[in-house]
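Chain and residue survey
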Amino acid sequence: MTEPPASAPSPEENAQRKRDHLRLSLAGDIGFATTTTGLERLRVRARALPERELRDVDLSTELWGRRLAVPLLISCMTGGVSEAGPVNRALAVAAQQHGVALGLGSGRLLLDRAGGRRSMQLDRLPGFHVRDVAPDVLLLANLGAVQLHQYGPADCARLVGQCGADALVLHLNAVQEAVQAGTAGSSSPPGARGGDTDFAGLTERIARLCEALPAPVIAKEVGFGLGPADVADLLDAGVAGVDVAGAGGTNWARVEGLRDDRAGRVAAAFADWGWPTADAVREARGILDRHVRDDVLLIGSGGLLHGVDALKVLCLGADVAGVARGLLAAGAAGPAAAVEAVGVLSEQLRIAAWAAGARSVADLGPALLISA
Ligand SMILES: Cc1cc2nc3c(=O)[nH]c(=O)nc-3n(C[C@H](O)[C@H](O)[C@H](O)COP(=O)(O)O)c2cc1C
């Protein structure tokens, strides 16, 4: 493994960035300029006569030994800073109560803190320890794929173990890293970006990790979407799942742009970058089908607003639908609000499936959709 470059942000700068992300995601205007998920162009083939009692709809599914009551994921958001602790615990309580999966935010701060003490326990940082309130939840640890230049399979295994996670999610965030400035509010000189843009040789590193890590590895984008070429490369690398995290929801160039004037000027060109969620899910399902890989999990996410959007990505071919920013405010408001928000989302999905005439996840497919 290589050491981080001398110009790399310190753990304190990374922690400040995480704080800014939470603050801006809760308050800022961080959507796309005109790009939408494309889900609004699809209509569900609604049935006025579902011919079934609502309570007989069972959308439960099993994944890596965990049962999901509905195929929903609270996507990876935060961890490692004091503000993250209560948010993740609230979301974890909600995930446990409603039987949905939960992703934790990047564990880079945990690994950075462990630093040279690689054989020691990782520090206990807020937000990464939720198993006590979510013992049955499908729990996903998270790390930037670009950090694989620095951290190997043993570090990743420790991260997964420390979080009590069932799988590791690697995020691919090339544009976010490139746009990113240094410390918040700094007047960074032109070219002095704070992100890590060394994406050379990453597919190979992901492949080595998939081979060595005992836990499943999932790869995701962060809101610009995985395109078909990415999905094909990731399949070749041996991932157990892909999360398209498509465009139309949170725009991470804009988030970074709000942290720094110059980053904002660079980010302006990316206000409509990426693969809209509906296209990304459809294309990814096509690739998985062509490779006959129904063993690979497909997560449909990016800009999902409610349970009807979730139903649409499931009908387009996703196995699980993911929501990030749409649940952040509820997570920040505490366990009661998070339980209520995830409950509403689950109920919307179940009602939508019922009113489309579906009884189980096996009934969800493109036949339930009409293109507008
Ligand atoms: C506050 C916040 C922090 C995030 N941090 C991470 C992260 O650490 N790792 C990651 O893979 N994705 C992270 N994401 C991206 C989300 O998982 C998701 O892919 C993206 O926001 C698009 O989904 P959305 O439109 O539902 O928000 C974060 C999102 C938010 C809102």
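Position numbers for residues count from 1 along each chain, tracking the sequence in the order it is written. Given that this is a predicted model, residues contribute local features only at a pLDDT of at least 70 and side-chain atom pairs are listed and counted only at 80 or more, while totals for whole chains, interfaces and linings are drawn from all residues. Side-chain measures were taken over the full set of non-hydrogen atoms in the model, leaving aside hydrogen atoms and water.

So, the overall build of the protein
The helix and strand labels rest on DSSP assignments: H or I over at least four residues marks a helix, E over at least two residues marks a strand, and numbering proceeds from the N terminus. Of regular secondary structure, the protein possesses 13 helices and twelve strands. For the protein, the C-alpha radius of gyration of 20 Å lies close to 21 Å, the compact-globule estimate for 372 residues. Along the first, second and third principal axes, the C-alpha atoms of the protein reach 65 × 45 × 40 Å. Reported accessibility uses the Shrake-Rupley method at a 1.4 Å probe radius. Residues are deemed covered only where the shown protein chains occlude them. Element-wise, carbon and sulfur atoms account for 52% of the exposed surface of the protein, whose accessible area totals about 15,100 Å². Under this rule, positive means Lys or Arg and negative means Asp or Glu; His and the chain ends count for nothing. In this description, the location of a charge corresponds to atom NZ of lysine, CZ of arginine, CG of aspartate or CD of glutamate. Each charge class in the protein was averaged separately, 36 positive and 42 negative side chains, and the resulting centres sit 2 Å apart. Computation of the radius of gyration draws on C-alpha atoms alone. For the globule rule, the value is 2.2 Å times the number of residues to the power 0.38.

Side note on the packing of helix α6 (residues 202–212) against helix α7 (residues 228–237)
With axes taken as lines fitted to C-alpha atoms, and helix axes fitted only over the stretch in contact, angles between N-to-C directions fall between 0 and 180 degrees. Axis separation between α6 and α7 bottoms out at 8 Å; the angle between their running directions is 40°. Accordingly, the angle class assigned to the pair α6 and α7 is oblique. Listed contacts from α7 to Thr203, Ile206, Ala207 and Cys210 of α6 are Asp233, Leu234 and Ala237. Taken together, the residues that form the contact of α6 with α7 break down as five nonpolar, one polar and one charged. Roughly parallel here means an angle under 35 degrees, roughly antiparallel means over 145, roughly perpendicular means 65 to 115, and every remaining angle is called oblique. Residue contacts follow a heavy-atom distance rule, with two residues in contact if any of their heavy atoms lie within 4.5 Å. Each residue receives one of three labels: charged for Asp, Glu, Lys and Arg, nonpolar for Ala, Val, Leu, Ile, Met, Phe, Trp, Tyr, Cys and Pro, and polar for the others, Gly being one of them.

Quick word on the packing of aromatic side chains
Two aromatic rings from Phe, Tyr or Trp, using only the six-membered ring of Trp, form a pair when their centres are within 6.5 Å; if the ring planes differ by under 30 degrees the pair is stacked, by over 60 it is edge-to-face, and anything between is tilted. Counted under the stated rule, the structure contains two aromatic pairs. Relative to Phe224, the ring of Phe32 has its centre 5.9 Å away and its plane inclined at 80°; by these criteria the two rings are edge-to-face. With a gap of 192 residues between them, Phe32 in the loop between α1 (11–27) and β1 (42–44) and Phe224 in the loop between β8 (217–220) and α7 connect regions that are remote in the sequence.

Some points on the nonpolar core
Among buried residues, the Ala, Val, Leu, Ile, Met, Phe, Trp, Tyr and Cys ones that are joined through side-chain atoms within 4.5 Å form a nonpolar core. Exposure classes here rest on a 1.4 Å probe applied to the protein chains alone. A residue is buried below 20% of its type maximum, exposed above 50%, and partly exposed in between. Grouped together as the largest cluster of nonpolar side chains are 93 residues, with contacts concentrated most on Leu102, Leu168, Leu170, Ile206 and Leu311. If sequence neighbours within four positions are ignored, Leu170 has contacts with Leu143, Ala145, Leu148, Ile206, Leu209, Val217, Ile218, Ala219 and Lys220. The next biggest cluster of nonpolar side chains, apart from the first, holds 13 residues, and it includes Leu138, Leu140, Ala167 and Ile218.

Details of the sheet that holds strand β5 (residues 101–106)
Pairing between strands is defined by DSSP: at least two bridges between the two strands are required. Taken in spatial order, the eight strands of this closed barrel run β4-β5-β6-β7-β8-β9-β10-β11, and their pairing is parallel. Neighbour-to-neighbour, the strand axes of the sheet open up by a mean angle of 25°, direction not taken into account. As paired strands, strand β9 (residues 241–243) and strand β10 (residues 297–301) are joined by three bridges and run parallel to one another. Residue Gly241 lies in a different strand from β10, and its bridge partner there is Leu297. Where helix α4 (residues 153–163) meets the sheet, its contacts fall on β5, β6 (139–144) and β7 (167–171), and the angle it forms with β6 comes to roughly 145°. Running over the sheet, helix α11 (residues 307–315) touches β4 (72–74), β10 and β11 (320–323) and is turned about 140° from β11.

With respect to unusual backbone geometry
Phi at Trp64 is positive, roughly 45°, even though this residue is not glycine. Tracing the sequence through the fold places Trp64 in the loop between β2 (61–63) and β3 (66–68). Located in the positive-phi region is Val292, a residue other than glycine, with phi close to 50°. Secondary-structure assignment places Val292 in the loop between α10 (277–290) and β10. Here Val292 falls in the exposed class, since its relative accessible area comes to 69%.

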